[in-house]
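What follows is each chain in one-letter form.
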Amino acid sequence: TYCALIDVCGRCGRPDLALKGLRMMLKQKEASPGTLCGGDNSNEVGAWTAAIDACGKSSRVDTAIRLFHAMDKLGAKPNTVTCGCLVDCLLRCTPSRTTETLEVLRYMELNRILPSEVMFTSLISFAGRLVEDGWRDTQENSEGIEIYIELMRNIMVLESSPPSNENENKLKRIPKSKRIKGSSSSSRKESTLMKVFLVFQEMKAAGAEPDIGAYNALLWACSEAGDVLRSQDVLVRIQSDGLDPNDASWLHMLRTAAKAGRSDIAEIVWDHALSYTGRRQNNHMQWVPSVKSLKLLFAAYMQEAASSKLSARKCELFEKVVSIYEDIELDEMNKGLTDINTEELHSNRNVMMMMLTAAVSLEQLEKSRAHDGGSDSRRKLRRIASSLVQLPCLKTKAARNQFEENIVKTAEGWGEIMSSEVVAVDFELSYQGF
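What comes next concerns the included structure. (Residues numbered from 1 in each chain as written. Predicted model: local features only at pLDDT ≥ 70, side-chain atom pairs only at ≥ 80, totals over all residues. Heavy atoms only, no water.)

## Focus: the pattern of salt bridges
Consideration 1: Per the counting criterion, the structure on display carries 19 salt bridges.
Consideration 2: For Asp-227, the salt bridge goes to Arg-230, with nearest N and O atoms at 2.9 Å.
Consideration 3: Classification of Asp-227 as buried rests on a relative accessible area of 16%.
Consideration 4: Take Arg-230: its relative accessible area is 25%, and that puts it in the partly exposed class. (Salt bridge = Lys/Arg side-chain N within 4 Å of Asp/Glu carboxyl O. Buried < 20%, exposed > 50% of the residue type's maximum accessible area, 1.4 Å probe, protein only.)

Quick look at the structure:
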C-alpha cells in the first residue's frame, strides 16, 4: 500500500520520495475515485501521516505543517497518530514551535481527538521545561502556562463528551479487567476533575504562576462535575494569588451551582460578582450580568425545582424566576438586571422556555393547592405565559421535547381563552353603545 511505501521512504531518510509517493496516491485517487480505499480511508490517512512523519524527522517541519492542513481539506481527517507525529516533530525543533503545537492541540480539542499517553506526557514535560526556563524568557513562561491550560481544556472537552468512533474503538480494545472502574457519569466526571487538578499541580510544581486562564480551566472542570465546594476553593485561591475573577470565572461558578441544583449558591455567586470591586482596582472590570449569566441563574432554580419533592419549595423557586423576568421587563434597578439586553433575552429559546415552564408550572401548582380559579395571581401567570408563547424563538416545534410541547400547548390554550374573553367584552361594550 501507499502507506507502507511512504513509511519506508521516511525510514530511509528520503522525504522527497515520501512526498512523491503521496502525490502518486493523490493522482490515482483523482483518476479513479473510490478505488483507493474502498469506502475506508484509513490507508489514505496512514499515507498522509507517514509523509508528515517523514518530513518531520528530516527537519522539513514547515512542509509537515502544510501537509497536516492540506489532508483535512482533501477529506483525510488527521487522527491521534497524525497529531502525535506532528507534535513530536514540533517539540523537537530548536527553537521550539510552541504556537504551532498549540494549534494542533486546539484542532484535537475541536475534533474530539484523544491524545495518546506518550503525547500527553511529552507535552507535560515540554510545558514544564518552558516554565523552568521562564526566568530567562517571560514569553517561554507564558507559552508553558498556555500549553498546561490547553491540556486541561483538552481533558475536559474529550472526557465530558461522547467518544468519537476512533476513541470508542480504542476503549473496546482495552480488556474489561484493565479498564478504570466506575463507568457511571458521576464517577467519570470526578475522575476527569482529578486529572485536570493534577495537570494544574504539575504546572505549579514546575514553578509557573497560574494566570486567570489557568484558574478558569479549573472552574470549568468544577462546573462539569457540579462540584460546588471545589469551585469555591478555586475562587479563594484566585483571590489569594492576587488575581481578580473575570466574566468567565463568574459564569463557571454559576454553571457549577446550576449543575448541582443549588440556587442558594447561585444567588450568592450572583451577589458576590455584582459587589466585587477587585484587588487590582485600577485594572478590574466590574461584572455586568448578561443573558448567559441569567440563563445559568434560571437553570439553578429550575434544576432545584425539578429535584425538590416539596410543592411549597417548587412554588418558591418558580416565583423567583417569574419575579426576575418581571423586574427585567419593568426595568427595575434590582440585581443588575437593567444591564440585560431584552431583545437578546427574547430571542434566546432556552431562557424563554425556562421562563414559560416556570409560569405554567407555578399556575398549575397554585391550581392544585385549591387556589381560587379566578385569582389575580393565576390570571397574571396565564397572561405572562400566553404572551411568551408568541415569541418567535418558541414557535419552532422541531426543537421541542414532549414535556416542552405540553407546556407550549397549555400556554397556547390560555391565549385562546383570553382572546375569546377580550372579544366577548368588546362585543358587550359595542352592544351597550360604548
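From this point on, the discussion continues.
## A word on the nonpolar core
Consideration 1: Core analysis: the biggest nonpolar cluster contains 124 residues, and Leu-86, Met-152, Phe-298, Met-352, Met-355 and Leu-356 have the highest contact counts within it.
Consideration 2: It is helix H18 (residues 349-368) that provides the largest number of residues to this core, a total of eleven residues. (Core = buried A, V, L, I, M, F, W, Y, C linked by side-chain atoms within 4.5 Å. Helix = DSSP H or I, 4+ residues; strand = E, 2+ residues; numbered from the N terminus.)

## Details of the packing of aromatic side chains
Consideration 1: All told, the structure shown has four aromatic pairs when counted by the stated rule.
Consideration 2: Pairing Phe-200 with Tyr-215 gives two aromatic rings, centres 5.2 Å apart and planes at 50°, and the pair type is tilted. With a gap of 15 residues between them, Phe-200 in helix H10 (residues 185-205) and Tyr-215 in helix H11 (residues 212-225) connect regions that are remote in the sequence.
Consideration 3: Overall, the relative accessible area of 0% leaves Phe-200 in the buried class.
Consideration 4: Owing to a relative accessible area of 1%, Tyr-215 belongs among the buried residues under this scheme.
Consideration 5: Pairing Trp-250 with Tyr-276 gives two aromatic rings, centres 5.9 Å apart and planes at 65°, and the pair type is edge-to-face. (Phe/Tyr/Trp six-rings, centres within 6.5 Å; stacked < 30°, edge-to-face > 60°.)

## Overview of the side chain of Thr-98
Consideration 1: For Thr-98, the position within the fold is in helix H6 (residues 98-110).
Consideration 2: Apart from residues no more than four positions distant in its own chain, Thr-98 is found in contact with Phe-126, Leu-130, Glu-143 and Ile-147. (Contact = heavy atoms within 4.5 Å.)

## Re the packing of helix H16 (residues 311-329) against helix H19 (residues 376-388)
Consideration 1: Relative to each other, H16 and H19 sit at 65°, their axes nearing to 12 Å. On the basis of the axis angle, H16 is roughly perpendicular to H19. Between H16 and H19 the crossing geometry is left-handed. Between H16, through Val-322, Tyr-325 and Glu-326, and H19, the contact on the second element is made entirely by Lys-380, Leu-381, Ile-384 and Leu-388. (Axes fitted to C-alpha atoms, helices over the stretch in contact; angles between N-to-C directions. Parallel < 35°, antiparallel > 145°, perpendicular 65-115°, else oblique. Left-handed = near helix turned anticlockwise from the far one by under 90°.)

## Some remarks on the packing of H18 against H19
Consideration 1: Relative orientation of the contacting elements H18 and H19 amounts to 150°, with a least axis distance of 9 Å. In terms of orientation, H18 and H19 fall into the roughly antiparallel class. For H18 against H19, the interelement crossing comes out left-handed. Each of Met-352, Met-355, Leu-356, Ala-359, Val-360, Leu-362, Glu-363, Glu-366 and Lys-367 in H18 lies in contact with H19, whose residues at this interface are Ser-377, Arg-378, Leu-381, Arg-382, Ile-384, Ala-385 and Leu-388.

## Here's the deal with a positive patch on the surface
Consideration 1: Together, Lys-20, Arg-23, Lys-27, Arg-60 and Arg-66 make up a positively charged patch on the protein surface.
Consideration 2: Among the elements that make up the positive patch, the one with the highest residue count is helix H2 (residues 15-31) (three residues).
Consideration 3: The topology assignment puts Arg-23 in helix H2. (Patch = residues over 30% accessible without salt bridge, like charges linked within 9 Å, V, L, I, M, F, W, Y side chains within 5 Å. Areas by Shrake-Rupley, 256 points an atom, 1.4 Å probe, with all protein chains shown as cover. Lys, Arg positive; Asp, Glu negative; His and termini not counted. Charge placed at Lys NZ, Arg CZ, Asp CG, Glu CD.)

## Considering the environment of Ile-265
Consideration 1: Mapping Ile-265 onto the fold places it in helix H14 (residues 263-275).
Consideration 2: For Ile-265 and Gln-232, which are 33 residues apart along the polypeptide, the C-alpha to C-alpha distance reads 9.8 Å.
Consideration 3: Ile-265 has contacts with Val-228, Gln-232 and Ala-257, leaving out every residue within four places of it along the chain.

## A few points about H11
Consideration 1: Along its 14 residues, H11 runs 20 Å from first to last C-alpha, staying within 8% of the 20 Å computed at 1.5 Å per residue.
Consideration 2: Most of H11 sits inside the fold, with eleven of its 14 residues counted as buried.
Consideration 3: Residues of H11 that are buried include every one of Ala-214, Tyr-215, Asn-216, Ala-217, Leu-218, Leu-219, Trp-220, Ala-221, Cys-222, Ser-223 and Glu-224, and no others.
Consideration 4: Of the residues flanking the end of H11, it is Gly-226, one or two places downstream, whose phi is positive at about 65°. (Expected span 1.5 Å × (residues − 1).)

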